4 protein chains.
Amino acid sequence: MTGSFRTVGVVAKAGSADAIDTAHELTGWLHRRGIRVAVEPEVASGLQGAECIAFEHSSTYDLVVVLGGDGTLLSVARTVPSGIPILGVNLGTLGFLTEVGRSELYPSLVEILAGRFSLEKRTLLDVELRRASGGSESYRTLNDAVIGKSALSRIIQLTLRVDDRLVTSYRSDGLIISTPTGSTAYNLSAGGPIVNPLLPVMVLTPICPHTFSLRPIVVPDESVVEVILETEQEEVYVTLDGQEGARLEFRDSVRVTRARDQAHLVKVSGRTFYHSLRHKLHWG
Amino acid sequence: MTGSFRTVGVVAKAGSADAIDTAHELTGWLHRRGIRVAVEPEVASGLQGAECIAFEHSSTYDLVVVLGGDGTLLSVARTVPSGIPILGVNLGTLGFLTEVGRSELYPSLVEILAGRFSLEKRTLLDVELRRASGGSESYRTLNDAVIGKSALSRIIQLTLRVDDRLVTSYRSDGLIISTPTGSTAYNLSAGGPIVNPLLPVMVLTPICPHTFSLRPIVVPDESVVEVILETEQEEVYVTLDGQEGARLEFRDSVRVTRARDQAHLVKVSGRTFYHSLRHKLHWG
Amino acid sequence: MTGSFRTVGVVAKAGSADAIDTAHELTGWLHRRGIRVAVEPEVASGLQGAECIAFEHSSTYDLVVVLGGDGTLLSVARTVPSGIPILGVNLGTLGFLTEVGRSELYPSLVEILAGRFSLEKRTLLDVELRRASGGSESYRTLNDAVIGKSALSRIIQLTLRVDDRLVTSYRSDGLIISTPTGSTAYNLSAGGPIVNPLLPVMVLTPICPHTFSLRPIVVPDESVVEVILETEQEEVYVTLDGQEGARLEFRDSVRVTRARDQAHLVKVSGRTFYHSLRHKLHWG
Amino acid sequence: MTGSFRTVGVVAKAGSADAIDTAHELTGWLHRRGIRVAVEPEVASGLQGAECIAFEHSSTYDLVVVLGGDGTLLSVARTVPSGIPILGVNLGTLGFLTEVGRSELYPSLVEILAGRFSLEKRTLLDVELRRASGGSESYRTLNDAVIGKSALSRIIQLTLRVDDRLVTSYRSDGLIISTPTGSTAYNLSAGGPIVNPLLPVMVLTPICPHTFSLRPIVVPDESVVEVILETEQEEVYVTLDGQEGARLEFRDSVRVTRARDQAHLVKVSGRTFYHSLRHKLHWG
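What you see is a predicted model; the values in this text were computed from it and never measured.

Draft legend 1. Examining the overall build of chain A more closely. Within chain A, the regular secondary structure consists of 6 helices and 19 strands. Taken over C-alpha atoms, the radius of gyration comes to 20 Å for chain A, in line with the 19 Å a tight globule of 284 residues would show. Overall, the C-alpha framework of chain A stretches about 60 × 45 × 30 Å when taken along its three principal axes. Counting only residues that meet the buried cut, chain A has 58% of its 284 residues in that class. Partitioning the intrachain contacts of chain A with sequence separation of at least 6 by distance along the chain shows that 64% fall at a separation of at least 24.

Shown next as structure tokens:
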């Protein structure tokens, strides 16, 4: 029954004693079912007698269970190879990405090991930072790529191009390039729309723009979105899912396209997107 | 060369002397090329000697030229049979739907008659008003269906369902269900996002909601969107493109789905969506 | 001790059996303390044996107790003579205007009759509708005066002048002229700011404007605000507190100024404005 | 006639050749009228033969002429002693603070030297940064004090108190505490209202808040506004007019009150606040 689940990765939220305890317990549960478990050092160090293999972001697993919140899931989804089913388990308040709560962990796993689950494929973005000075760096993101100024910087000027066409050159605090998945994260705080996670789109949402008619724009996810920093001598960064980042220099370009890979989120609860919205956003 | 354009409909903005004069001139231009012209009575009455046939919304034409603004084009696009190419000619300020300005009319027609043009297919919505008392009425819309209260009414309660799932029941002034085409119309004034006109989506934008976390939602255009009026004794209407409408009664339901037909807009200018945005919204 | 409270008006929310029952009970409570009670016919008809005088909006009272919600309080505050202390008792969910809940009614009255309360003076607005055809009509409002189009009307053009200076002439669904008290009502849904109720200001908030840089404006309450309807043949109304209204005709002008009178709300709870915000708006 | 203007400070925008040239020319113009001129080193170094005194921010002058834009004026207004009339001359596009354009410089000065001008008194804020570790630092601001996170930081938690009362503790990118003067600056980009510059208020506008019902709040300028940083280990700053700043540590408190001093802006043009709005914001 669990034949197709030979090796399961278990990732606990960094620094969370609760998550690490849960990981220990889960490791035992999986071992008792003859499943190999891969864990990170922080979890491994507390396991007495249990033999785990080392979790590596470049390896492939039959399933990765993420114990923590949306943040931990984002960091896993950005980095594991495409096609690995990821189950998010929320140990705090309900998230948009984490599928089940703590009390649902083992009942859900029973279902999953029995093959009774589906996969929801979420768009990932490839982000290429092309240096004006030559060279480039590559990143991946599940929620969003944000070009933003530092707190001490003045307003910045960005040029936005889509499919090699000028959209606008404008002054603001920055720009959010969001997947549908990320639409309920930073995009929503900045005034962007909520987007059904399965739609083939990206959302371009300016942060505190000086041009008041500049509004969030929904574009096809086949688009090539390019943002060029036109301001000198200010501290500006591109950040990925709010977790990684790199400093931009004058005339550097950030090119964002849909990744060939997708994140595969395990669905087992039957909860719909609209159900999550209603609960997370207190729509009564 | 113009063999495929035997009959052209010419529709002038109602009550506009300028549009009617232009229609007269255009009729002559088309007649000189051996093309039959269909016009409405307001245009026909001023044509001396020229023989036109009567324009009927249910007939089919090889091309319909709309002389006026976005409003006139909306009324034509909602009503003519699917598949008729529509060319919008703006006699005032540049619109989002009208493709060319007055000075471009004849050069554009030369291109079109020579077959050098493309068609942009825009989503239309079918709107079914299901009466709580039984029976139903059907409408079509290119920009939007708006459920809104009258000025003298108090706030209204609407239940929003997508694909038979409850999204929320909320108090507000109303709801806009917009196509991508309509995203730059009323939707934009109410805080909704701009949407690339070719995306397979609808936008659901609440008007002045009391629930502050209730934000515009972008959903697949395959969705069945249903709005039910939960308030008694207030004056509430559903309007289509701001041009037609019907009064809603307590517990009436408005169901919105993508129409099988699409509006076929003639593209001849090479202007992109982003170009129109930049100019219409003064993005500098 | 209750010497200064000889006659108390008791107003119950129209059509609410709960409010009427509470009014009956309250009438008895006041009678037992030797206080005369004035009630409206709907309350009087159910009082057996108790002799009440008829509540009249033009009469003066030592106190008016409003049993219902913010809506009932608004209708009383707009109409009773200036200077009458008004106590709002909320029978449903906490309001911004109603000071106490049902369970606090009698403890609060004991405090009030003993003179242990304060009065919070809220700005009222005088609204003069000057007809283009001659003549004028006068209204008063506690929350807001709203110039708005009906659901079936297209967008309207309004000219806004402050102190005889042109501010702008713009297209929209309408304009809200709000007191600080009204800032948490319709103004908030339309995107206006929250305003401390004791500030000497008015807020001018456009409803769904087409000009995207047109934002809510906070002006001195000494200002003369004038709004002129520039659109013909559309159905447009001015409404007061969402409760009364009049239809506007082409070129009619609505002039709004601070009233000489103020509404006197009884404060007995010690709750501050910020406390109400936190609870009503779920600021956690 | 010019008897009351014995010493005039002239401040040019740093690094602007245009502003420095204009300062040289203006110095000659003032010298010819027997007026002493104080300039900064960057201007003094290019003056041949003309004897100027050194401009010092702590000295007092009969007038300070600022050649540049709103930014240069802000830096002068924050630092010169209270009560010095400041004339802002815009060398680029019209600003909200700079009163006259280049072509109006000398005609305006003729008027001013003749005593035909008025002073508009603008609120300044005192900003006290109270360190959790003890000690405090003091700042002054004309537009705004902004508590904001750096680009690489995650969302921050702030507690907002007004007059020692809790308003809310919320997660966001930051908070703007704006004067009426600053309402058309960063506050406007972040969704805050426009405020008549003479009103006795402050505006508290959250930046990209996670609590969607958290909206801009207008409070009396007599209020004591206190913001406490509740997040550890993130990079957070308080900035003044976007020009100066200091890093905040965990549990540091920023206290904002109205300064006893005001900035005195010279008014000579007859342009009103509403006129500036209409032109700067393109209200047509």
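Draft legend 2. Local environment of helix α6 (residues 273-280) of chain C. Of all the residues in α6(C), the buried ones are Phe273(C), Tyr274(C), Ser276(C), Leu277(C) and Arg278(C). Where α6(C) is buried, its residues meet β13 (194-195) of chain C together with β10 (156-162), β11 (165-172) and β15 (217-220) of chain D. Following α6(C) by one or two positions, His282(C) adopts a phi angle in the positive range, close to 55 degrees.

Draft legend 3. Focus on the relation of the copies chain A and chain B. Screw-axis analysis of chain A against chain B gives a translation of 0.0 Å along the axis, an RMSD of 0.0 Å, and a rotation angle of 180 degrees. Overall, the copies show the geometry of a two-fold rotation axis. If distances are taken from each C-alpha of chain A to the rotation axis, the shortest is found for Pro193(A), at 3.2 Å. Most of the interface of chain A is mirrored in chain B, where 100% of its interface residues are also at the interface.

Draft legend 4. Geometry of the interface of chain A and chain B. Chain A puts 32 residues into the contact, and the matching count from chain B is 32 residues. Taking both partners together, chain A and chain B bury about 2800 Å²; carbon and sulfur atoms supply 62% of that area. Broken down residue by residue, the surface that chain A buries against chain B is led by Arg215(A), Tyr274(A) and Trp283(A), which jointly contribute 25%. At the junction of chain A and chain B, the tally comes to 0 salt bridges. At the surface where chain A touches chain B, the tally comes to 16 residue pairs in polar contact (both at pLDDT 80 or more). Residue contributions to the side of chain A that touches chain B peak at 5 residues, all from strand β11 (residues 165-172) of chain A.

Draft legend 5. Structural view of the environment of Leu47(D). All names here are of chain D. Looking at the element boundaries, Leu47 is found in the loop between α2 (41-44) and β3 (53-54). By relative accessible area, Leu47 is classed as buried at 15%. On a C-alpha basis, the gap between Leu47 and Glu99 in space is 26 Å, while along the polypeptide they are 52 residues apart. Apart from residues lying up to four places away in sequence, Leu47 is in contact with His24, Thr27, Val39 and Cys52.

Draft legend 6. Representation of the sheet that holds β13(C). The 7 strands are arranged β13(C)-β15(D)-β14(D)-β12(D)-β9(D)-β17(D)-β18(D) in an open sheet whose pairing can be described as mixed. Among the strands making up the open sheet, the edge pair consists of β13 of chain C together with β18 (244-248) of chain D. Across 5 bridges, strand β17 (residues 236-240) of chain D lies against β18(D) in antiparallel orientation. Its bridge partner lying in β18(D), Tyr237(D) is registered against Arg247(D).

Draft legend 7. Region of the structure containing the packing of aromatic side chains. Counted by the stated rule, this structure contains 16 aromatic pairs over all chains. Between Trp29(C) and Tyr106(C) the ring centres are 5.3 Å apart and the planes differ by 40 degrees, which places this aromatic pair in the tilted class. Of this pair, Trp29(C) sits in helix α1 (residues 17-32) while Tyr106(C) sits in helix α4 (residues 105-113), and the two are 77 residues apart along the sequence. Lying over the aromatic face of Trp29(A), Arg33(A) brings its terminal NZ or CZ to 3.7 Å of the ring centre.

Draft legend 8. Structural view of the domain arrangement of chain A. All names here are of chain A. Each assigned domain of chain A is listed here: domain 1 (7-117 + 268-280) and domain 2 (124-261). Placing a centre on the C-alpha atoms of domain 1 and another on those of domain 2 gives a separation of 30 Å. Contact residues are listed per partner, giving 12 residues for domain 1 and 16 residues for domain 2. A buried area of about 1100 Å², summed over both sides, lies between domain 1 and domain 2, and 63% of it is on carbon and sulfur atoms. When the area that domain 1 buries against domain 2 is broken down by residue, the three leading residues are Leu74, Arg78 and Phe273, summing to 56%. Across the domain 1-domain 2 interface, the total number found is 2 salt bridges. For Asp241, the salt bridge is made with Arg78, and the minimal N-O distance between the two is 2.9 Å. Where domain 1 packs against domain 2, one counts 5 residue pairs in polar contact (both at pLDDT 80 or more).

Draft legend 9. Broad picture of the sheet that holds strand β12 (residues 174-178) of chain B. Pairing is mixed in the open sheet, where 7 strands are placed in the order β13(A)-β15(B)-β14(B)-β12(B)-β9(B)-β17(B)-β18(B). On the outer flanks of this sheet lie β13 (194-195) of chain A together with β18 (244-248) of chain B, each paired with one strand and no other. Relative to strand β17 (residues 236-240) of chain B, strand β9 (residues 144-149) of chain B runs antiparallel, the two being bridged by 5 bridges. Following the sheet pairing, Gly148(B) is matched in β17(B) by Tyr237(B).

Draft legend 10. Spotlight on the packing of helix α1 (residues 17-32) of chain D against helix α4 (residues 105-113) of chain D. Residues and elements named next belong to chain D. The geometry of α1 relative to α4 is characterised by a closest axis approach of 12 Å and an angle of 35 degrees between their N-to-C directions. Crossing handedness for the pair α1 and α4: right-handed. The residues of α4 that touch α1, namely those facing Thr22, Glu25, Leu26 and Trp29, are Leu105, Tyr106, Leu109, Val110 and Leu113. Its residues assigned to classes, the contact of α1 with α4 comprises 7 nonpolar, 1 polar and 1 charged.

Thresholds, definitions, all that
Residues numbered from 1 in each chain as written. Chains lettered and ligands numbered in written order. Predicted model: local features only at pLDDT ≥ 70, side-chain atom pairs only at ≥ 80, totals over all residues. Heavy atoms only, no water. Helix = DSSP H or I, 4+ residues; strand = E, 2+ residues; numbered from the N terminus. Rg over C-alpha atoms; globule rule 2.2 N^0.38 Å. Buried < 20%, exposed > 50% of the residue type's maximum accessible area, 1.4 Å probe, protein only. Contact = heavy atoms within 4.5 Å. Least-squares fit on C-alpha atoms with pLDDT ≥ 70 in both. Buried area = accessible area lost by both parts, 1.4 Å probe. Salt bridge = Lys/Arg side-chain N within 4 Å of Asp/Glu carboxyl O. Polar contact = N/O pair within 3.5 Å; in protein donor to acceptor, adjacent residues only side chain to side chain. Pairing = 2+ DSSP bridges. Phe/Tyr/Trp six-rings, centres within 6.5 Å; stacked < 30°, edge-to-face > 60°. Lys NZ or Arg CZ within 6 Å of the ring centre and 35° of its normal. Domains from an automatic or database assignment. Axes fitted to C-alpha atoms, helices over the stretch in contact; angles between N-to-C directions. Left-handed = near helix turned anticlockwise from the far one by under 90°. Nonpolar A, V, L, I, M, F, W, Y, C, P; charged D, E, K, R; others polar.

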